[in-house]
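These are the residues of each chain, in order.
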Amino acid sequence: MIKRNSAIGVMDSGVGGLTTVKELQKLLPKENIIYFGDNKNVPYGNKTQEEIIALTRRMIEFLISEDVKVIAVACNTISTIIDMISKDYDVKIIKIIDPVVDNIKNTLKKDKVGLIATNFTVNSGYYDKMLGDIKVFGRGSSELAAIVDSGKIDKEQVKKIIKGHIDKIIEAGNVDTIILGCTHYPILMDLFQECYPNINFINPAFQQAEAIKNYLREEGLLKEEGDKYFKIYTSGSQDQYHSIMNMLKLQMPQEIIQYRE
Ligand code: DGL
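Thresholds, definitions, all that
Residues numbered from 1 in each chain as written. Predicted model: local features only at pLDDT ≥ 70, side-chain atom pairs only at ≥ 80, totals over all residues. Heavy atoms only, no water. UniProt positions renumbered as here; feature names shortened; annotations may be inferred. Buried < 20%, exposed > 50% of the residue type's maximum accessible area, 1.4 Å probe, protein only. Helix = DSSP H or I, 4+ residues; strand = E, 2+ residues; numbered from the N terminus. Pairing = 2+ DSSP bridges. Right-handed = clockwise from strand over helix to strand, strands pointing away. Disulfide = S-S within 2.5 Å.

The protein chain is annotated in an unreviewed UniProt entry as Glutamate racemase of Clostridium liquoris. One UniProt comment on the protein chain, placed under Sequence similarities (unreviewed entry), says "Belongs to the aspartate/glutamate racemases family." Quoted straight from UniProt, the Catalytic activity (unreviewed entry) entry for the protein chain says "L-glutamate = D-glutamate".

So this is what it looks like as structure tokens:
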């Protein structure tokens, strides 16, 4: 029996899913949130499908054991493969890609868009397939997610990496809108915007939070009162969470707990 006071579960390979937590805290301020970041195994984007599936199952099963009422896959890489395994679980699972794709289809003025994401996400062709007639100019980064996840961000070095990728996307497609298709990247939104003030960078976390709100409302599962908690479990170290949470100006969790198998 699903309970409205149960938490929303949010999972990612690392700290990137905090971008979804930020939108959830704004949109659903009364909800409990349990976050799982698999920082020990980040980056997922350079792994094989089999590896990602095995790690994802472990996270889903952990969140189910915490009795969550819905799971937000706050990771684009996992969202490209989650349909292969979601039928094995009773819990409702909401991906990060599909809600933003719906929004882009309704709002994009041109028939092309840029995408910067992990190699896995770009190579999966998931965005291309979902966006249909909209042409996607995608570019994978093997290094950005791990740099963000370390919590040690050298702005000049990161700006160089960003320019290396975004210049190539613009050269190829002359796009004015680029999807930040890895949840770690909106943590760097200021740097993307500083380098390219005329590009519209899309953060998919907002539409994912809206999709979660709509689902909970439709199911009569919105938590409307009482105290709330925000707990983080990490398979890595707790330290990097503090710097990332400051960068994102997130409400601080009650606890950051070391996850051990
Ligand atoms: N944050 C993840 C995503 O949205 C992946 C980062 C990684 O582990 O490579 O794709």
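Next, the rest of the story.
Within strand β1 (residues 8-12), five of the five residues are buried, which leaves it mostly tucked inside the rest of the structure. A two-sided burial pattern is seen for β1, the buried positions comprising Ile-8, Val-10 and Asp-12 on one face and Gly-9 and Met-11 on the other. In terms of strand pairing, β1 meets strand β2 (residues 33-37) through five bridges, oriented parallel. Following the sheet pairing, Met-11 is matched in β2 by Phe-36. With helix α1 (residues 18-27) bridging β1 and its parallel neighbour β2, the resulting β-α-β unit is right-handed. Judged from the four bridges that link them, β1 and strand β3 (residues 70-73) form a sheet pairing that is parallel. Note on β3: the bridge partner recorded for Met-11 is Val-73.

The subject of this paragraph is the state of the cysteines. Scanning the entire structure with this criterion turns up zero disulfides. Of the cysteine sulfurs around Cys-182, a residue in no disulfide, the closest is that of Cys-75, at 6.8 Å. The thiol of Cys-195 is not disulfide-bonded; the next cysteine sulfur, from Cys-182, is found 17 Å away. A relative accessible area of 16% places Cys-195 in the buried class.

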